[in-house]
Each structure stands twice: as C-alpha cells, then as structure tokens.
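# Coordinate analysis (summary)
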Amino acid sequence: MEKSFKGTMSYAGREIPVLYSVDVCVAGGGPSGTAAAVMAARNGAKTVLVERGVALGGLAVLGCVYPFMDTHAPDSDTPYVAEVKERLRKAGIEPFDGVTQQTWHNPETLSLIYDEMCEEAGVDVLYQTVLVDTVCKGSVIEACIVQTIAGLAAVRAKTFIDSTGDAYLSRAAGVPYERGYEKTGNNQPLSFRFEMGGIDVDRLYQHVAVELKEDWCKSKPPYFEIAEAMHRKQRYKLEELMAEGVKTGEITQEEAEYMQAYTIIGKNGVMSMNCPEIPVKFSASNPVSYSKAVTYGRKMMHHIANYLIRHLPGFEKAFISREAAMLGARESWRIRGKHYLVEDDYHNQSRFADAVCRTAWFIDAHGEKVSEKLPKGGFYEIPYGSLVTEQIENLLVTGRCISASFILQASMRIQPTCMSIGEAAGIAAAWGVKHKIAANALKWEEIPADRRSYVSVGGKS
Ligand SMILES: Cc1cc2nc3c(=O)[nH]c(=O)nc-3n(C[C@H](O)[C@H](O)[C@H](O)COP(=O)(O)OP(=O)(O)OC[C@H]3O[C@@H](n4cnc5c(N)ncnc54)[C@H](O)[C@@H]3O)c2cc1C
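Small disclaimer: the values here were computed from a predicted structure and weren't measured.

### Topic: the overall build of the protein chain
Broken down by element type, the protein chain carries 11 helices and 21 strands. Taking 461 residues into account, the globule formula puts the C-alpha radius of gyration at 23 Å, and the protein chain, at 22 Å, falls close to it. The C-alpha extent of the protein chain, read off along each of the three principal axes, is 65 × 50 × 45 Å. Taken across its 461 residues, the protein chain has 54% of its residues classed as buried. Long-range pairs, those at least 24 residues apart, make up 74% of the contacts in the protein chain with a sequence separation of at least 6.

### Overview of the nonpolar core
Across soluble globular proteins, you tend to see nonpolar side chains buried next to one another. The biggest cluster of nonpolar side chains holds 155 residues, and the ones touching the most others in it are Val24, Cys25, Val155, Ala428 and Ala429. The element that contributes the greatest number of residues to this core is helix α11 (residues 415–435), accounting for 11 residues. Three or more residues apiece are contributed to this core by two domains, here domain 1 (8–181 + 332–451) and domain 2 (190–329). Not counting the four nearest positions on each side in its chain, alanine 428 is found in contact with Tyr384, Leu396, Ala439, Leu442 and Trp444.

### Focus: the sheet that holds strand β12 (residues 258–264)
The sheet built from 5 strands is open, its strands ordered β11-β12-β13-β10-β14 with antiparallel pairing. The sheet is open, and its two edges are formed by β11 (225–229) and β14 (319–323), each paired on a single side. Strand-to-strand twist in this sheet, taken as the mean axis angle between neighbours without regard to direction, amounts to 25°. Bridging between strand β10 (residues 194–197) and strand β13 (residues 267–273) involves 3 bridges; their strand directions are antiparallel. Within β13, the position partnered with methionine 196 by the bridge is methionine 271. Packing against the sheet, helix α6 (residues 238–248) makes contact with β11 and β12, and its axis sits at approximately 60° to β11.

### Examining the domain arrangement of the protein chain
By a widely used convention, the size of an interface equals the accessible area lost when the partners come together. What the domain assignment reports for the protein chain is domain 1 (8–181 + 332–451) and domain 2 (190–329). Centre-to-centre, using C-alpha coordinates, domain 1 lies 28 Å away from domain 2. Taken together, the contact pairs 25 residues of domain 1 with 24 residues of domain 2. Grouping the constituent residues of the side of domain 1 that touches domain 2 by class yields 11 nonpolar, 11 polar and 3 charged.

### A word on the site of the ligand
Taken together, 38 residues lie near the ligand, and Gly28, Gly30, Gly58, Gly165 and Gly399 sit nearest. Listed by contribution, the elements that provide at least two residues to the shell around the ligand are α1 (31–42), β5 (130–137), β15 (328–329) and α11. The element best represented in the shell around the ligand is α1, accounting for 3 residues. Of the residues in the shell around the ligand, the class split is 16 nonpolar, 15 polar and 7 charged. When residues are assigned to domains, the shell around the ligand turns out to be shared by domain 1 (8–181 + 332–451) and domain 2 (190–329), each giving three or more.

### Quick word on α6
Those residues of α6 not exposed but buried are Leu238, Met242 and Gly245. An end-on view of α6 places all buried positions within 50° of arc, on one side of the element. Projecting away from the buried face of α6 at angles above 90 degrees are the exposed residues Glu240, Lys247 and Thr248. Along its buried surface, α6 packs onto α5 (201–211), β11, α7 (253–256), β12 and α8 (287–311).

Basis of the calculations
Residues numbered from 1 in each chain as written. Predicted model: local features only at pLDDT ≥ 70, side-chain atom pairs only at ≥ 80, totals over all residues. Helix = DSSP H or I, 4+ residues; strand = E, 2+ residues; numbered from the N terminus. Rg over C-alpha atoms; globule rule 2.2 N^0.38 Å. Buried ≥ 20, exposed ≤ 12 C-beta atoms within 10 Å, placed from the backbone. Contact = placed C-beta atoms within 7 Å. Core = buried A, V, L, I, M, F, W, Y, C linked by C-beta atoms within 7 Å. Domains from an automatic or database assignment. Pairing = 2+ DSSP bridges. Axes fitted to C-alpha atoms, helices over the stretch in contact; angles between N-to-C directions. Nonpolar A, V, L, I, M, F, W, Y, C, P; charged D, E, K, R; others polar. Near = placed C-beta within 6 Å. Arc of directions from axis to C-beta.

So, in structure tokens, the structure goes:
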C-alpha cells in the first residue's frame, strides 16, 4: 500500500489502513453508482467510488446488457442521462436509430466515457475493490471495509451510497430487505449474457425482417434486433425456429425460452445476446446456487450459439466473442426503505412531492408477470423516500435495489431510470454533507429546484 493512508482503524481485532476519509463513498460503479459518484463530486463532495470490477457501467458493461431501454415516459431524461447520450454521440456512437427510442451504446465506449466523467469530476475510483462490511456506530455508518488488491482496508465517509445492485452495503449495515417474489420466493431469472461476432447482419435482416416479416424488427441495420420470449403473450416469428431445436433435441426447452440479440454500434458484425435465461431454480441471492448457475448458464450459452450458427441465416460464420464478467441479475435483494413502491404506483401513475425521476417502462417480471404498457404519455414517479431508510441516517440506496416490491422493481430497473435515481442520490448526498443534514432527514423537495435533477410535476396521484 502507498503511504498516503489516513491512519488506521481497528476491524475484527486488527489494525487496517484507512484508504480514504471523504464526504461521500459510493459502493458499486454500475449505471446508478457512477451517476451518484459523478453528481456528488460535481456538487462539491469529495467522493470515492468502490467497484469490484475493472470497468464502470455494471450490468451495462460487465454484464453485456445493452441497449438503454426507453422509459416510455415523456421527458424522462434527467440532465445526467441526456449528457451520457450526448457523450456517446461525441465519441462517434450515434445512440438513436430514428425509429425506436432505445439508446444503442457500445460497452467499451461507455466505460471510457464513465472513466472520463469520473476523472473530470474528481471522483477517486477504487477498482478491483469489493465492499465486504460496514462499521456502524448506532444509526450511523462510520466506515466501509473493502477488500483491495493489497488486502483489507477502510474507507471513512460522512455519507454512503449503496449502488451495489444487491443492497450489499445496506444489508451489512442492518437495513431490512426483501428478496424474490413474495408469492413464489423466486428471484427474477438470471441471464448469462454474451456477444457473438462474425454475423452477417444484412443477411439476418433479410431473413427475419423481410422473409419472415417479423414486425418486432422496427429499425434497420446497423440498428437491428431480433427477439423471441415464450413467457410473453406476444408471439415472435423466431419462436418456431427455437421450438424446432427442442423437437430435434439440439437445444432444451429452457434454452429455447428466451432469445434476443441487438447489434452493437461501432462493432460491425457483433451482436449482444440477451440470453441464455437461466431457470429460476437457480437463485440470484444464494451464493451456491448462483455459482452453479454460472456453469449451467455457460453450457446453455454454447448450445444456443451453436444452434444459431447451424440454423439462423446470417449466423453461419458467427462465434462467441465475449461473455459477461458478471451474471445478469434482474433482481436479487431490495431494501425496505422509508417509502415502499408497489405495483399500484405503476397503474395509478403515482406522483410524489419528493420525486427524483419518472418512468413508464412496463412491468417485465420474466415468468411471473408482464404488464400492459401505460397509456401514451403516462408515467409514475419514484420518490426520494424509496432511496433512504429509517435505520441508517447517512445512507442512500440507488438503482435496482431501492425500496420497491418485486413487481414494481420489474418496471423501474431499466438503466436510464437507475441512472436518474443515482444522479439524484449524488446531488442529495452532496447537499446533505454541505448543509449538515442527514440523508434520511433531508427533504429532496426542499433543495432549490434549480439544483435538483428532477422536480415533480404533481398532477395525477
Ligand atoms: C439480463 C438482463 C437484461 C437487461 N436488459 C436491459 C436492457 O435491455 N436495457 C436496460 O435499460 N436495462 C436492462 N436490464 C436492467 C439493468 O441493466 C439493471 O437493472 C441496471 O444495470 C441496474 O443498475 P444498478 O446501478 O442498480 O446495478 P448494476 O448494473 O448491477 O451495477 C452494480 C455494480 O456494483 C458492483 N458491485 C456489486 N457488489 C459490489 C461490492 N460488494 N463491492 C464493490 N462493487 C460491487 C458491480 O460490480 C456493478 O458494477 C437488464 C438486466 C438484466 C440482468
């Protein structure tokens, strides 16, 4: 370790170095955590971001999850989200196809942009560093314990932001949590996403969009996607191809259940594969089961890839070019915070005075529930109360593990919404530190409107 420690602290009967003593410590550098760190730093807070991988972007980069879905809510882009899209464009990745509203990014460009944003804002990123524990005094987190490349260390901060996706920091601090669907106990299915190269995208387009007349295919190459999902009501033309593979014994029913692929802008002939979807008997919140899911999922990945190479026009010369560095957990643990969002908030299009963003992505709880879309122009808001807890004063939570029910989370979990939540958390954390207001006592709606990333429009509630 270098000499610039801020002293040491006792942990588990030994002295460990304190790597940083800062205003804000963010754990997890996914879409929501990166936004939180950048915005905390831009708002004057000395900020450290702890990330267990070697790239920022979380599922969007390490998990090969692509593209940013459209929130379906009008004017939902908060300033940070708009900036990320603009930075993609400036980096040569035109994110819009002119037909759909989704944002086609490129994982390698995105992680570079995130590094640049952190560097410019003055965020210190601790890579290859895993949050393992917290040290609390009463209702305050004093430090988090991290496993660095050099061993255990501590990061002290005035405010902590849990952006781990798995509510890891919150659980370590004793915050109540839920996992899975209350009716079945199952988490949403995991996926082991990957990329395939060597695809003749024009041939694929000709086959699926022109010959099969798949009306799901709205945009044209280089922006092109194919899909089939047997758990949905909607029927897709490629279902037949996958069902045929089950009949011939080349793939299993589990492997045929869900298959989707998107071209990646800037990576010609490469598609991001939104599959295999691993059966729910493998749990996103049980370490043994999760590990078995990796082995099981990798086999599924190879079966699906080989099947497509043999039978899907355009894939004849394709190959697996990359596999995700983290399993795709749609849902694992969620905190129970001050406010608990539920399915009715989606259907009622709830509004909140302390809203931090809006969204209208449909409820997409694979295998459990897939909702109708809200009427055009409809949306619900996400309140600041879902980001904070009764138990811990100096904690904010962002992204897919905020305080929401299993079913509601299946709508709010998309990347742009997670980014907007992180953005607000960063602003609130910096504001609280500056004005000496605990995160869970702070009232988002009392921050001057021009300092907030989102102001509730009120109305329907
Ligand atoms: C298969 C799948 C397909 C999806 N498809 C789409 C899609 O097409 N479009 C879309 O917009 N959304 C999609 N989503 C949803 C979306 O990607 C996630 O909900 C979103 O990325 C969540 O963001 P987050 O910041 O909360 O967490 P994550 O993206 O999960 O990021 C968490 C970060 O925290 C880090 N971390 C975790 N624990 C620790 C620790 N203890 N110490 C240090 N670091 C830690 C991780 O390495 C990671 O970088 C999909 C999700 C899945 C799983």
